[in-house]
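Geometric and topological summary
Here is what each chain is made of, one letter per residue.
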Amino acid sequence: MARDNFLKGAAILGLAGLIVKILGAFYRIPLSNMIGPEGMGYYQTAYPLYTLLVAISTSGFPTAIAKIVAEKRALYDYRGAHRVFRVSFAGFLAAGIITSLFVFFTAGPIVDAVGNSKAYYSLIAMTPALFFVPIMSAFRGYFQGRQTMVPTAISQLIEQLFRVSIGLFLAYQLVGIGLPEAAGGASFGASAGAIVGTILIVIIYIKEKGKITEEIRSSTATEPESISKIVKDILVIAIPITIGASILPIINTIDAALIMRRLQEIGFTEIEANGLYGQLTGNAQTLINFPQVLSMAIAMSLVPAVSSAFARKDYEDIRATTKSGIRVTLLIGLPSALGLFILSTPIIDLLYFNYSLAEKQSTGAILQILSLSLIFLTLIQSLTAILQGLGKIMIPVRNLAIGAVVKVILTYILTGIPSINVKGAAFSTVMTYLVAAILNFIEVKKYTKVKFKFMDIALKPIISALLMTAVVWVTYRYTFGILGSKISTVLSIGTGGIAYIIALLLSGALTSEDFELLPKGEKLARKLKSKGLLKS
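Now for a quick tour of the structure. The structure displayed is predicted, hence computed values, not measured ones.

Taking 1.5 Å per residue, 17 residues should reach 24 Å; helix 13 (residues 373-389) reaches 24 Å between its end C-alpha atoms and fits that length. Within helix 13, 16 of the 17 residues are buried, which leaves it mostly tucked inside the rest of the structure. After helix 13 finishes, the residue G391 shows a positive phi value of roughly 85°.

Of all hydrophobic cores here, the largest spans 125 residues; its most connected members are L31, Y43, Y50, I234, L280 and L330. If sequence neighbours within four positions are ignored, Y43 has contacts with Y27, R28, L31, S122, M126, R163, A183, A186 and S187.

To continue, consider the packing of aromatic side chains. The full count for this structure, using the stated rule, is 16 aromatic pairs. With a centroid separation of 5.8 Å and 70° between ring planes, the pair formed by Y120 and Y121 is classed as edge-to-face. Given a relative accessible area of 34%, Y120 falls into the partly exposed group. Residue Y121 is classed as partly exposed on the basis of its relative accessible area, which comes to 40%. Geometrically, the ring pair formed by Y352 and Y355 is stacked, given 5.4 Å between the ring centres and 25° between the ring planes.

One pass over the full model with this rule turns up 8 salt bridges. One salt bridge connects E159 with R140, and the closest N-O pair in it is separated by 2.9 Å. Placement of the pair is E159 in helix 6 (residues 150-174) and R140 in helix 5 (residues 127-145), with a sequence separation of 19 residues. Overall, the relative accessible area of 11% leaves R140 in the buried class. One salt bridge connects E443 with R398, and the closest N-O pair in it is separated by 3.1 Å. Residue E443 is found in helix 15 (residues 423-448), and its partner R398 is found in helix 14 (residues 394-415); the two are separated by 45 residues along the sequence.

Okay, the environment of G80 next. Among the structural elements, G80 can be located in helix 3 (residues 78-114). With 151 residues separating them along the chain, G80 and V231 place their C-alpha atoms 13 Å apart.

With that settled, consider the side chain of S344. With respect to the secondary-structure elements, S344 resides in helix 11 (residues 344-351). On the accessibility criterion, S344 (4% relative accessible area) is buried. Setting aside residues no more than four positions away along its own chain, S344 makes contact with G364, L367 and Q368.

For the rest of this paragraph, the subject is the side chain of Q279. Among the secondary structure elements, Q279 is positioned in helix 9 (residues 270-311). Overall, Q279 belongs to the buried group, its relative accessible area being 6%. Within polar-contact distance, the side chain of Q279 engages the side chain of S362 at 2.6 Å. With residues near it in sequence (within four places) discarded, Q279 still touches P37, A284, E359, S362, T363 and I366.

Each value, and the rule that gives it
- Residues numbered from 1 in each chain as written.
- Predicted model: local features only at pLDDT ≥ 70, side-chain atom pairs only at ≥ 80, totals over all residues.
- Heavy atoms only, no water.
- Helix = DSSP H or I, 4+ residues; strand = E, 2+ residues; numbered from the N terminus.
- Expected span 1.5 Å × (residues − 1).
- Buried < 20%, exposed > 50% of the residue type's maximum accessible area, 1.4 Å probe, protein only.
- Core = buried A, V, L, I, M, F, W, Y, C linked by side-chain atoms within 4.5 Å.
- Contact = heavy atoms within 4.5 Å.
- Phe/Tyr/Trp six-rings, centres within 6.5 Å; stacked < 30°, edge-to-face > 60°.
- Salt bridge = Lys/Arg side-chain N within 4 Å of Asp/Glu carboxyl O.
- Polar contact = N/O pair within 3.5 Å; in protein donor to acceptor, adjacent residues only side chain to side chain.

Here it is, written out as structure tokens:
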């Protein structure tokens, strides 16, 4: 029964997480068309700081609370479990007050230090979220510890829905006043989502209060733990996870300051630098997020699969799962990267139709470089999941930190070269993920003793992706003059997708083991085998 609850809970949270990511990725396309690169620059200047503070308050701490609450409930210490929640709630409330007040009163100096003073409205609009998100996290951790995942899933979905809808509505209403104000309206969407999400999960808690009180009354008699002991237990679990979750937001926060400053040092005005930064982070980076929805689903499946095999000491299963996970990841990352590379500017033209020709070409050039990072980023996700399944949680954190150092150095050097400018930041991102992926790959080989066959793992996916790329290029080139850029782009993506699936099946790049990593994968594999479309 416990295993069923776990699997059901994982499925609920996984589905909610995927929907949240999809909504978040699509959100920026209409927003970009409303406020343009300049507005996105203001929005993206504030957003990394918000995500950093949110990562600190929501990544490791809910996990730590959930773990400790679950352990105490397993011993029928329901009173102790609820005491953990009350202590963590008080701590999160204090953290929310301090963080939100700090940002509210120092927003001006912060954006001035970054070199983008007009991002003030975007940053100030996020301060309510910094208060409510930690509170919401305390409730989520408690419910997860009770193995009740629905409250967390519902609050995540509602939070994102309000963030998207309110953000777009306010941006639309304020764009006539000014781009800084419109970007601030978009930023307030995060606060609106956090407020509604918190209210919702508090209502759920109040409804469950009767059951919780009954549990506490039936609790085994134990000595109440001191507040200092509870805080220590939470921190021991939360800090390593929080460090890992904070690295990327830290990179993005440093990027915001570094890129803006370096661009202005080589002759761009603050508004010009802000527009280029918006093209990089608000437009090109948004498109990089789409394929990650699929690769994250694979990574989420890899952790329990590897963990289960590791607990059984079934190292053959670990090696088989590792090989399959890396192969499927390449099957996602390679075509996504090459497709975005070959159609970079046409895709920008299709999605960001309100941009000028110069903005489309500039953003397309940035996307072409940034697209290559997808190969390594998707690999990082799967390799990290494998290492986490093996209990090596801090190794991928260390490797990503090394990649972050590479990024800071390269961004500083390359962005300061006038002929390269913001494209240097895109190239540094590619190198960051390349370094982290190589280091993770070395560690995975070390701990799993896995031996890869280049033909099966890489060559077949590469050939299939190259064939797809050729079909995309030919389709776009010979239909562009007849159908125009937008229709040709959609047609090229469709024909490329069909060509890629056919190439995978004909080359034998997909196996039945690969389908086991996907929901309902075994059933789909059987159908393909019965039709002779899957070789093994």
